[in-house]
Structure formats: structure tokens, C-alpha cells
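Summary of the model geometry
Residues per chain, in single letters:
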Amino acid sequence: MARQPSILSVILVCLATLLISCGGPSVAVAPPTYTATQLERIQEYVPKIQAVRDRTEELKTLIDQKDWINVSNFIHGPMTEARLSMTYVIPNLAPSAQPIARQKTRDLLNHLVKVDQAAGSSNSLMALNSYQEAVRDIDEFLQLLPDLSTAPEVS
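My aim in this report is to walk through the structure given alongside it, one point at a time. Chains are numbered independently. Their residues run from 1 in the order of the written sequence. Under the rules for a predicted model, residues below a pLDDT of 70 receive no local features and side-chain atom pairs below 80 are neither given nor counted, while totals for whole chains, interfaces and linings still include all residues. Derived side-chain values reflect all non-hydrogen atoms in the structure, with water molecules and hydrogen atoms excluded from consideration.

Structural notes on helix H3 (residues 56-64)
Each α-helix winds once per 3.6 residues, and so residues spaced three or four apart point in a common direction. Among the residues of H3, those classed as buried are Thr56, Leu59, Leu62 and Ile63. Around the axis of H3, the buried residues are gathered within 110° of arc, so they sit on the same side. Throughout, a residue-residue contact means that at least one pair of heavy atoms, one from each residue, lies within 4.5 Å. Only DSSP runs of H or I with at least four residues qualify as helices, and only runs of E with at least two residues qualify as strands; both kinds are numbered from the N terminus onward. On its buried face, H3 sits against helix H2 (36-54), helix H4 (68-89), helix H5 (98-120) and helix H6 (124-143). Trailing H3 by a residue or two, Lys66 shows a phi angle of about 55°, which is positive. To sort residues, take the accessible area from a 1.4 Å probe on protein chains only and compare it with the maximum for the residue type: under 20% means buried, over 50% means exposed, and anything in between is partly exposed. Comment: arc refers to directions from the helix axis out to C-beta atoms.

Structure (C-alpha cells):
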């Protein structure tokens, strides 16, 4: 009977050792990194998106002037091109940023549709509100992108 307590104590020591070794500090997860190919693809489309973002004041001016034909042209031209470029960037983003980026492109489309509908009904207030939301969608999308200024030069 003297052997049972010693065997039990050996089993408990082994179990404690196993639990302690498995419960060590967690390994820090590195921030998402981008491959050179991903950065190259992102760099290809970001200037196009940024160029349209820089031109959004033109759309506001057209809405203020109630130039509905050119409002519609701007939405179906440069703004749609920016949205298309955004969809090309999404697969190259970090996996955690992709769902948010997809949502931002959907939101942008919905807000552009509202601007177009407002232009069709000559509703300046609805057009301006939807325009502001569309600009915010582009800005929030651009914030999801990696900092390309520190990225290696890709040619």
C-alpha cells in the first residue's frame, strides 16, 4: 500500500508539469505584413482613388449649382471608377481589413445611388447629405490601407 501514494504523487507531478508547460505566456502576434506583390497592386490603384477623392469638391459645386446632368456624369464617371479601384484593392488588404473595406465600398455605392436619385428629383438637400456620406466612405476606406510611404519602391 505504500507504493500507491508514491505512484499517485508521480502522476500528479507529471500532470502539474504538463499543465504548467501548456499554460505559458502567449506568443505575441506580429502585425499584418504585406508582400511586395500586394503592395504593388495596392500602389497601382491608390493614386486613382486619391485623385477622385481630391476632386470631390467638384461634385459638391455641381450639386450647389444644381447642375444635375453633370452631377450624374461625375457619379457615373470618376466616382464609379474610384469604387472599381477600391474593389481591386480589397483582396490585397490584410484579412482583418477586408470585410470593413468591402462594407465601405457597398456604402459608397449606396450613397452614390442616393446622390443620383436626388439629382433625378432635383433634391439638393438629399444630394448634399449623400455626397458627404460618400466622401466619408472614401476617407474611411483610405484609412484601411497600409502606409505606402514607408513601403519599398516598387517598379
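What follows picks up the thread again.
So, H5
The terminal C-alpha atoms of H5, which comprises 23 residues, lie 33 Å apart, in line with the 33 Å expected from a rise of 1.5 Å per residue. In the segment just after H5, Ser122 is the residue with positive phi, at about 55°. Here, expected helix span is obtained from the residue count minus one, scaled by 1.5 Å.

Here's the deal with the environment of Lys104
Examined against the element boundaries, Lys104 turns out to sit in helix H5. Contacts of Lys104, omitting those with residues within four sequence positions, involve Asp137, Glu140 and Phe141. Counted as a polar contact is a pair of N or O atoms within 3.5 Å, where, for protein atoms, one must be capable of donating a hydrogen and the other of accepting one, and residues adjacent in sequence contribute only when both atoms are in side chains. Reaching out from Lys104, the side chain makes a polar contact with the side chain of Glu140 at a distance of 2.5 Å.

A closer look at the environment of Thr87
Secondary-structure assignment places Thr87 in helix H4. A relative accessible area of 28% places Thr87 in the partly exposed class. For Thr87 and Ala101, which are 14 residues apart along the polypeptide, the C-alpha to C-alpha distance reads 8.4 Å. At 2.6 Å, the side chain of Thr87 and the backbone oxygen of Leu84 are in polar contact.

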